[in-house]
Amino acid sequence: MSKVSLDEIVKFSKRKGFVYPSSEIYGGFAATYDFGPLGALLKKNLEKQWRYWNITKRTDMEEIEGAIFMHPKVWEASGHVGGFSDLLVEDTETKKRYRADHLIEDAGIMENAGALTAEEIDKIIIEKGIKSPDGNSLSSAKAFNLLVKTHLGPVENDTTIAYLKGESCQNIYVDWKQVVETTRRKLPFGIAQIGKVFRNEITVKQFMFRTREFEQMDVQYFCHPNEADKFYEEWKNYRFDFYTQSLGFSQDNLRWRQHDEDERVFYATDAWDIDYCFGALGFKEMEGLHHRGSYDLDQHSKFSGQDLTYLDPYTNERFNPFIVECSGGFTRIFLAMMFEYYSEEQVKEGETRIVFKAPYNLAPYKCAILPLMKKDGLGDKAKEIFASLRTQGIMCNFDESGSVGKRYRRQDENGTPWCITIDYDTLNDETVTIRHRDTMVQERVGISELGEWLNSEKF
Ligand code: GAP
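All residue numbers here refer to positions counted from 1 along the written sequence of the relevant chain. Given that the model is predicted, a residue must reach a pLDDT of at least 70 before its local features are reported, and side-chain atom pairs must reach 80 or more before they are shown or counted; all residues, however, enter totals for whole chains, interfaces and linings. Only hydrogens and water are removed before side-chain values are computed, so all heavy atoms of the structure are retained for them.

## Focus: the overall build of the protein
The helix and strand labels rest on DSSP assignments: H or I over at least four residues marks a helix, E over at least two residues marks a strand, and numbering proceeds from the N terminus. On a plain count of helices and strands, the protein comes out with 14 helices and 23 strands. Relative to its full complement of 459 residues, the protein shows a buried share of 52%. Surface accessibility in these figures is a Shrake-Rupley result with a 1.4 Å probe; residues are shielded only by whichever protein chains are displayed. For the protein, the exposed area adds up to about 21500 Å²; of that, 49% sits on carbon and sulfur atoms. Working convention for charge: Lys and Arg count positive, Asp and Glu count negative, and His plus the chain ends are omitted. Note that the charge is assigned to NZ on lysines, CZ on arginines, CG on aspartates and CD on glutamates. Of the side chains in the protein, 59 bear a positive and 74 a negative charge, and the two mean positions are spaced by 3 Å. For the exposure calls, accessible area comes from a 1.4 Å probe over protein chains only, and a residue counts as buried if that area is under 20% of its type's maximum, exposed if over 50%, partly exposed in between.

Printed below as a string of structure tokens:
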């Protein structure tokens, strides 16, 4: 297991252009981040892999892309207006507010304080003498709703309140009947969505781990109630395999954690997390799997007055299907990738290098074109190859500054699997040197074979 610190990952991400603090020229804006050129490519590649694994590769999945604004009743029906809250305590001097469970966890009193009631929290704070981070006494705990509220329309009053989407799955539930009707799908089948989510988190710390704006990658699988346990187990295994097989994560960095009954979220009858070991931060939740029963369709049918049942064409049975949910936080998976692929290794006595060991399909650039010299026609030849590979749809980088050794190191940090060097022999025999990121082994390949050679994913 890697013990790299969060601080190293934050610095590396910024230095290389994976992730920048958002609005930085204005001093940043708490817990908001922009994906830089390398980060945006990595993010798109993760999306592609996720989509392939969860949708394309299967025959029982559909995908939708829902709106961020939804009817406010959606959030009443889902239970978020009444119940989606964290317990906060206030510093009695500075009036700053803190998540009570986080203060208790940070004080080393317990690992998971999320299930504590307000009374239990108040008792622990008094008995253990917990103070605010500024050393002042704390108020008693009070519930605080996490939905981000706004107003839509020309006036601001109670009739124009709208919420930004608090969890991505809700579009799937309210659209479910239309998906059945338009696709003519029969149970069991699933609906996937990658969607933006907003939560007014009070404790925003640990870089991208907990932010107020993030994306969720959701699979909601609809089935007959009798089959829900079976599909729940199947999806648990399938999602775990995604991390090891598709993203190449080490088994040692992953673990399962079942939620205790008093910790479980209101809509779930069973819940498991896939935890990832975020270096020195240790194991933390990366994806949540929930056995949701028919809670969501029951609620939406009650609040909307619409019939959302499914009519089984074989048995004529009519019912609200059960739902198995797999919900991964995109930004957390992204952060996990930063930890997983970042490595420092000794090349020889007294010389180390940083390598971003992303698998070929996830690497931001598949190759980099490096002319040995800018002069003598080498630069022009390199640009010609660069343009040709880009035209073939291969995302490659171009680097002509500094020694070839320095450029190799730069590309190792970018995670570029292959460096292609154009030298004097290239001008005579139309071949180039290809250097492998991980083994540093070099071989000679003809220019005409490059496209096919790179597309064959030899990694
Ligand atoms: N629909 C179920 C749901 O929203 P959740 O456990 O609240 O469940 C699912 O969220 C996943 O979303 C989590 O496992 C986590 O990866 C991610 N997530 C939740 N809150 C987050 C936050 N504030 N910042 C980044 N990711 C978050």
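## A short note on the packing of aromatic side chains
Pairing of aromatic rings covers Phe, Tyr and the six-membered ring of Trp, with a centre-to-centre limit of 6.5 Å; geometry is then stacked below 30 degrees between planes, edge-to-face above 60, and tilted otherwise. According to the stated counting rule, one finds 28 aromatic pairs in the structure shown. Taken together, a centroid distance of 4.8 Å and an interplanar angle of 45° make the contact between Phe18 and Phe356 tilted. Taken as a pair, Phe18 in the loop between α1 (6–16) and β1 (19–21) and Phe356 in strand β18 (residues 351–356) lie far apart in primary sequence, 338 residues in all. In this pair, the class of Phe18 matches that of Phe356, namely buried. An angle of 45° between the planes, with centres 6.3 Å apart, marks the rings of Trp176 and Tyr310 as tilted. Placement of the pair is Trp176 in helix α7 (residues 169–183) and Tyr310 in strand β14 (residues 310–311), with a sequence separation of 134 residues. Pair check on accessibility: Trp176 and Tyr310 agree, each one buried. Comment: the charge-over-ring label is applied if NZ (Lys) or CZ (Arg) is within 6 Å of the ring centre and within 35 degrees of the ring normal. Sitting over the ring of Trp53, Lys57 keeps its end group 4.5 Å from the ring centre. Lys284 extends its terminal NZ or CZ atom over the ring of Phe209, reaching a point 5.1 Å from the ring centre.

## Thoughts on the site of the ligand
If even one non-hydrogen atom of a residue comes within 4 Å of a molecule or strand, that residue is called near it. Close to the ligand lie 21 residues, the nearest being Glu167, Glu201, Glu285, Met286 and Glu325. Pairs of N or O atoms within 3.5 Å make up the polar contacts considered here, provided that, within protein, one atom can donate a hydrogen while the other can accept it, and that residues adjacent in sequence are counted only when both atoms are side-chain atoms. The side chain of Glu285 places a nitrogen or oxygen atom 2.5 Å from an oxygen atom of the ligand. Protein coverage of the free-state accessible area of the ligand, which is 550 Å², stands at 92%. Residue assignment for the shell around the ligand shows that the elements contributing at least two residues are β10 (213–223), β13 (283–293), β16 (322–329) and α10 (330–341). The biggest single contributor to the shell around the ligand is β13, with six residues. Of the residues belonging to the shell around the ligand, the class tally is five nonpolar, seven polar and nine charged. Nonpolar residues are Ala, Val, Leu, Ile, Met, Phe, Trp, Tyr, Cys and Pro. Charged residues are Asp, Glu, Lys and Arg, and all others, Gly as well, are polar.

## Things to note about the sheet that holds strand β6 (residues 142–145)
Consider a sheet: its strands pair through backbone hydrogen bonds, and that pairing is either parallel or antiparallel. By this definition, two strands are paired if DSSP reports at least two bridges between them. Strand order in the open sheet formed by three strands is β5-β4-β6, with antiparallel pairing between adjacent strands. The open sheet is flanked by β5 (97–99) and β6, the only strands paired with a single partner. Each strand of the sheet is rotated relative to its neighbour by a mean of 50°, with strand direction disregarded. For strand β4 (residues 85–90) and β5, the ladder comprises three bridges, and the chain directions are antiparallel. Bridge pairing in β5 links Glu90 to Arg97. Axes here refer to lines fitted to C-alpha atoms; in helices the fit is confined to the stretch in contact. Angles between the N-to-C directions go from 0 to 180 degrees.

## Structural notes on the sheet that holds strand β20 (residues 396–398)
What the five strands build is an open sheet, ordered β20-β19-β21-β22-β23; its pairing is mixed. Since the sheet does not close on itself, it has two edges, and those belong to β20 and β23 (442–446), each with one partner. Each neighbouring strand pair of the sheet contributes to a mean axis angle of 30°, computed without reference to strand direction.

## A short note on the domain arrangement of the protein
As annotated, the domain borders come from an automatic or database domain assignment. Taken domain by domain, the protein comprises domain 1 (6–67 + 167–339), domain 2 (87–145) and domain 3 (365–455). Centre-to-centre separation of domain 2 and domain 3, based on C-alpha positions: 56 Å.

## Observations regarding the nonpolar core
Leu46, Trp235, Tyr243, Leu247, Phe249 and Met286 are the most contacted members of the largest nonpolar core, which has 58 residues in total. The element that contributes the greatest number of residues to this core is α10, accounting for nine residues. Take the buried residues of types Ala, Val, Leu, Ile, Met, Phe, Trp, Tyr and Cys, join any two whose side-chain atoms come within 4.5 Å, and each joined set is a nonpolar core.

## A short note on a negative patch on the surface
A cluster of acidic residues, Glu119, Glu120, Asp260, Glu261 and Asp262, forms a negative patch on the protein surface. In this fold, Glu119 is placed in helix α6 (residues 118–128). The exposure class assigned to Glu119 is exposed, which follows from its relative accessible area of 59%. What makes a patch is a set of residues exposed beyond 30% relative accessible area and free of salt bridges, joined within 9 Å when like-charged and within 5 Å when nonpolar (Val, Leu, Ile, Met, Phe, Trp, Tyr). Note on definitions: salt bridges are taken to be side-chain nitrogens of Lys or Arg within 4 Å of carboxyl oxygens of Asp or Glu.

## Focus: the environment of Trp53
Along the chain, the position of Trp53 falls in helix α2 (residues 37–56). Relative accessible area serves as the criterion here: at 7%, Trp53 is assigned to the buried category. With 297 residues separating them along the chain, Trp53 and Gly350 place their C-alpha atoms 42 Å apart. By definition in these notes, contact holds between two residues if any of their heavy atoms fall within 4.5 Å. Contact partners of Trp53, with chain neighbours within four places excluded, come to Arg58, Tyr238, Arg239, Asp241, Phe242, Gln245 and Ser246.

## Some points on the packing of α1 against helix α12 (residues 404–414)
Orientation of α1 relative to α12, taken along the N-to-C sense of each, is 120°, at an axis distance of 11 Å. The handedness of the crossing between α1 and α12 comes out as left-handed. Taking contact as the criterion, the partners of Phe12, Arg15 and Lys16 in α1 are, on α12, Arg410, Glu413 and Asn414. Broken down by class, the residue content of the contact of α1 with α12 amounts to one nonpolar, one polar and four charged. By convention, the crossing between two helices is left-handed when the near helix turns anticlockwise from the far helix through less than a right angle, and right-handed when the turn is clockwise.

## Some thoughts on the state of the cysteines
Pairs of cysteine sulfur atoms within 2.5 Å are identified as disulfides in what follows. Throughout the structure, instances matching the rule amount to zero disulfides. With no disulfide partner, Cys419 has as its closest neighbouring cysteine sulfur the one in Cys367, 8.6 Å distant.

## A look at the packing of α2 against helix α8 (residues 228–246)
Look at α2 against α8: their axes get within 11 Å of each other, and the N-to-C directions meet at 140°. Taken together, the axes of α2 and α8 are oblique relative to one another. Considering how the two elements wind past one another, α2 and α8 form a crossing that is right-handed. Facing Leu46, Gln49, Trp50, Trp53 and Asn54 of α2, the residues of α8 in contact are Trp235, Tyr238, Arg239, Asp241, Phe242, Gln245 and Ser246. Along the lines of polarity and charge, the residues of the contact of α2 with α8 split into six nonpolar, four polar and two charged. In what follows, roughly perpendicular refers to angles from 65 to 115 degrees, roughly parallel to angles under 35, roughly antiparallel to angles over 145, and oblique to any angle outside these ranges.

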